[in-house]
Amino acid sequence: MYYPRIEVDLSKIKHNTEVLVSLCKKYGIDVAGVTKSFCGHPDIARAIVEGGVKYLADSRIENLIKLKDIEIPKILLRLPMISEAEEVVEYADISLNSELETIKALSKASVAKGIIHNIILMFDLGDLREGYFKEEDLFNDIEKIIELEGIKIIGIGTNLTCYGGVIPREENLGRLVDLANKIREKYNLELEIVSGGNSSSLHLLIDNKKVDGINLLRLGESIILGGETAFGNRIENTYNDAFQLVVEIIEIKEKPSVPIGEIGRDAFGKVPTFVDKGIRKRIICAIGKQDIEFDSIIPVDEGISVLGGSSDHLILDGTDSINNYRVGDKVRFKLTYGGILRAMTSEYVKKQII
Ligand SMILES: *Cc1c(COP(=O)(O)O)cnc(C)c1O
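Residues numbered from 1 in each chain as written. Predicted model: local features only at pLDDT ≥ 70, side-chain atom pairs only at ≥ 80, totals over all residues. Heavy atoms only, no water.

Student: Outline the nonpolar core, supporting the account with residue identities and numerical values.
Tutor: With 89 residues, the main nonpolar core has Ile 13, Leu 121, Phe 243 and Leu 245 as its most contacted residues. Sort the elements by how many residues they give to this core and helix H7 (residues 170–187) lands first, with seven residues. Filtering out sequence-adjacent residues up to four positions away, Leu 245 remains in contact with Arg 5, Ile 6, Ile 287, Ile 292, Ile 297, Val 331, Arg 332, Phe 333, Leu 335, Ala 343 and Val 349. (Core = buried A, V, L, I, M, F, W, Y, C linked by side-chain atoms within 4.5 Å. Buried < 20%, exposed > 50% of the residue type's maximum accessible area, 1.4 Å probe, protein only. Helix = DSSP H or I, 4+ residues; strand = E, 2+ residues; numbered from the N terminus. Contact = heavy atoms within 4.5 Å.)

Student: Run through the packing of helix H6 (residues 135–147) against H7, naming residues and quoting values.
Tutor: With their axes 12 Å apart at the nearest point, H6 and H7 run at an angle of 40° to one another. Relative to H7, H6 is oriented oblique. Between H6 and H7 lies a crossing of right-handed hand. The residues of H7 that touch H6, namely those facing Glu 135, Leu 138, Phe 139, Ile 142, Glu 143 and Ile 146, are Arg 175, Leu 179, Lys 182, Ile 183, Lys 186 and Tyr 187. When grouped by side-chain class, the residues that make up the contact of H6 with H7 number seven nonpolar, no polar and five charged. (Axes fitted to C-alpha atoms, helices over the stretch in contact; angles between N-to-C directions. Parallel < 35°, antiparallel > 145°, perpendicular 65-115°, else oblique. Left-handed = near helix turned anticlockwise from the far one by under 90°. Nonpolar A, V, L, I, M, F, W, Y, C, P; charged D, E, K, R; others polar.)

Student: How would you sum up the side chain of Ser 346? Please name residues and give values.
Tutor: Turning to its location among the elements, Ser 346 is positioned in the loop between helix H10 (337–345) and strand E16 (350–353). With residues up to four places along the chain from it excluded, the contact list for Ser 346 reads Gln 290, Asp 291 and Lys 351.

Student: Pulling in residues and values, what's your account of the environment of Asn 118?
Tutor: Along the polypeptide, Asn 118 turns up in strand E6 (residues 117–122). The sequence separation of Asn 118 and Glu 221 amounts to 103 residues, and the corresponding C-alpha distance is 25 Å. Once residues within four sequence positions are removed from consideration, Asn 118 is found in contact with Asp 93, Ile 94, Ser 95, Lys 152 and Ile 154.

Fair warning: the whole summary comes from geometry, so function is off the table for now.
So this is what it looks like as structure tokens:
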């Protein structure tokens, strides 16, 4: 067995997916399972497919390529780069778009392949990340996109609570639905998908506030961690520990809590500060900032606290633990979203599917 490793419990992931798919189904909403936090690992993606999602979705085309053998429609979430247009139409059935030049490149690539590429046009309701901001610009582009070969507009969508922290509400999502209806009328388009955001939109369903007309959510964090992300509340009957980090102890010593000598900068150029708690049992583990942010790991042993560390070392305070740790023992952590993302991305952290 190699350490550090991240353990992924597929039965918990599948269970979380089932809970969310059935919640959404009650409101006539389909789910796209978002795979980017775990770099599109195919085994984990399969558990999500078994949980009942209608699509898989990822920000990066490299991850969708890893999923090419899973028979389910795939959505590229990040606006495509013009330079990757050929891969996009090859490996994504649907992409999210907001730039005419990019859509023209996708058109050219799909005509060359003799296929139709489906697009969802993104509209920005105020979070200020991607999407058309003025309805007029959207309408002008739609008129041109309709003329393009190899491209079909199948829906509109929005993204909230990502950059600006804007909460999805009946008001802002209602505006998206109104916009969809306007487009349907004006251009005689079916527009089968109206995608009302990510895990931050779930609080509406949990509070029984249906937004008529929204029929797709793109869910990542809620599936992997069992929480809604507008207010950070847990979702009933889900797991938050499907991903666990396991690291090995390489040193345990009683040492003071304040360094001795003149304090300069640490390994990352910051001047550190310390609270004097006297002599403490300090535990060093073999993982570091190259693999993980220290504020993204939550010790399963509540008697342990995270002191900090450097690129390759994690320092814990084990004084208050009831466990008598020894060198070579393993310490377990639950992870935040950022923690899962970083650990899954680090080539030094082994991935163990259980
Ligand atoms: C990452 C992402 C999602 C998923 O967000 P979660 O908060 O993890 O549910 C949905 N849509 C887009 C466009 C994204 O980039």
